[in-house]
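Residues per chain, in single letters:
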Amino acid sequence: MKDKNHIVAGRNIFLDDKGRTVLYVKSSKTGYVIQEKDKKNYNLYSNRYVLSFSGGVLASTFNIPILYCLAIILATVAFLEYRYRYHFLSSLVQLTNFTPKNNLSTLDSMIAANEKKKNLLLGILYFVFGVLIILNGLQMKVSSFVMGGYIIVAIAAAYMGIMNLIAFSKIKNWK
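Computed from a predicted structure; not experimentally measured. (Residues numbered from 1 in each chain as written. Predicted model: local features only at pLDDT ≥ 70, side-chain atom pairs only at ≥ 80, totals over all residues. Heavy atoms only, no water.)

S.K.: Describe the overall build of the chain, with residues and values.
M.R.: Looking only at helices and strands, the chain has 6 helices and 5 strands in total. Taking the principal axes of the C-alpha coordinates as reference, the chain spans close to 55 × 40 × 30 Å. When burial is assessed residue by residue, the chain has 34% of its 175 residues classed as buried. Partitioning the contacts of the chain with sequence separation of at least 6, the portion at a separation of at least 24 is 73%. Accessible surface computed for the chain: about 11300 Å², of which carbon and sulfur atoms make up 63%. Of the side chains in the chain, 21 bear a positive and 8 a negative charge, and the two mean positions are spaced by 6 Å. (Helix = DSSP H or I, 4+ residues; strand = E, 2+ residues; numbered from the N terminus. Buried < 20%, exposed > 50% of the residue type's maximum accessible area, 1.4 Å probe, protein only. Contact = heavy atoms within 4.5 Å. Areas by Shrake-Rupley, 256 points an atom, 1.4 Å probe, with all protein chains shown as cover. Lys, Arg positive; Asp, Glu negative; His and termini not counted. Charge placed at Lys NZ, Arg CZ, Asp CG, Glu CD.)

S.K.: So what's going on with the nonpolar core? Which residues, and what values?
M.R.: Formed by 13 residues in total, the largest nonpolar core has its most connected members in Leu23, Ile34, Tyr42, Phe88 and Leu89. Of all the secondary structure elements, the ones that give two or more residues to this core are strand 2 (21–25), helix 1 (39–46) and helix 3 (66–91). Ignoring anything within four residues of it in the chain, the contact list for Tyr42 reads Val8, Ile13, Leu23, Ile34 and Phe88. With 7 residues, the next largest nonpolar core counts Val57, Val146, Met147 and Ala154 among its residues. (Core = buried A, V, L, I, M, F, W, Y, C linked by side-chain atoms within 4.5 Å.)

S.K.: Pulling in residues and values, what's your account of helix 5 (residues 116–140)?
M.R.: Residues spaced three or four apart along an α-helix point in a common direction, a consequence of the helix completing one turn every 3.6 residues. Helix length check: helix 5, at 25 residues, gives a terminal C-alpha distance of 36 Å against a target of 36 Å (1.5 Å per residue), a fit within 8%. Where helix 5 is concerned, the buried positions are Lys116, Asn119, Gly123, Gly130, Ile133 and Gly137. Of the surrounding elements, those touching the buried residues of helix 5 are helix 2 (48–60), helix 4 (106–113) and helix 6 (144–170). Where helix 5 ends, the next residue or the one after it, Lys141, has phi of about 55°, a positive value. (Expected span 1.5 Å × (residues − 1).)

S.K.: How would you explain a nonpolar patch on the surface if you had to name every residue and give the values?
M.R.: On the surface, Ile124, Val128, Val131, Leu132, Leu135 and Leu138 cluster together into a nonpolar patch covering about 540 Å² of accessible area. Structurally, the position occupied by Ile124 is in helix 5. The exposure class of Ile124 is partly exposed, given its relative accessible area of 44%. (Patch = residues over 30% accessible without salt bridge, like charges linked within 9 Å, V, L, I, M, F, W, Y side chains within 5 Å. Salt bridge = Lys/Arg side-chain N within 4 Å of Asp/Glu carboxyl O.)

Given below as structure tokens:
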């Protein structure tokens, strides 16, 4: 298995003067250095709301009552938020009074990863998933509330599909 260099990027991710990846928390004006060993955990916590919402939508596909689905979402968000704030961030090296300069966008990280085949496949699969989740809701004749959740998931999938296809088009060589 080949060891890949995970690239962390996003709205609050910056490079400092030493080239380190830094998560900037605006409210406390603190930067948190994300080392190589922390990148997988950061990716989990950066997607905590999406994962929680997806868990609730997934639960709704098994005809679980809406209130239980909402409880699953809230419990998952609360758990992951607690772990993020009080365990993950406290384990990182802190840079007080950090001044953000060089933002690392998600699209830039996809391009820098230089995985053209992966981006093409993910671009297609995200679109297929978005269509299938809507078709599933129509076939199951779910409530309009649940269908709204499915539509939100489909829109998010379309966004990720577009991002992957843009990255695919900007990468020069096949890998």
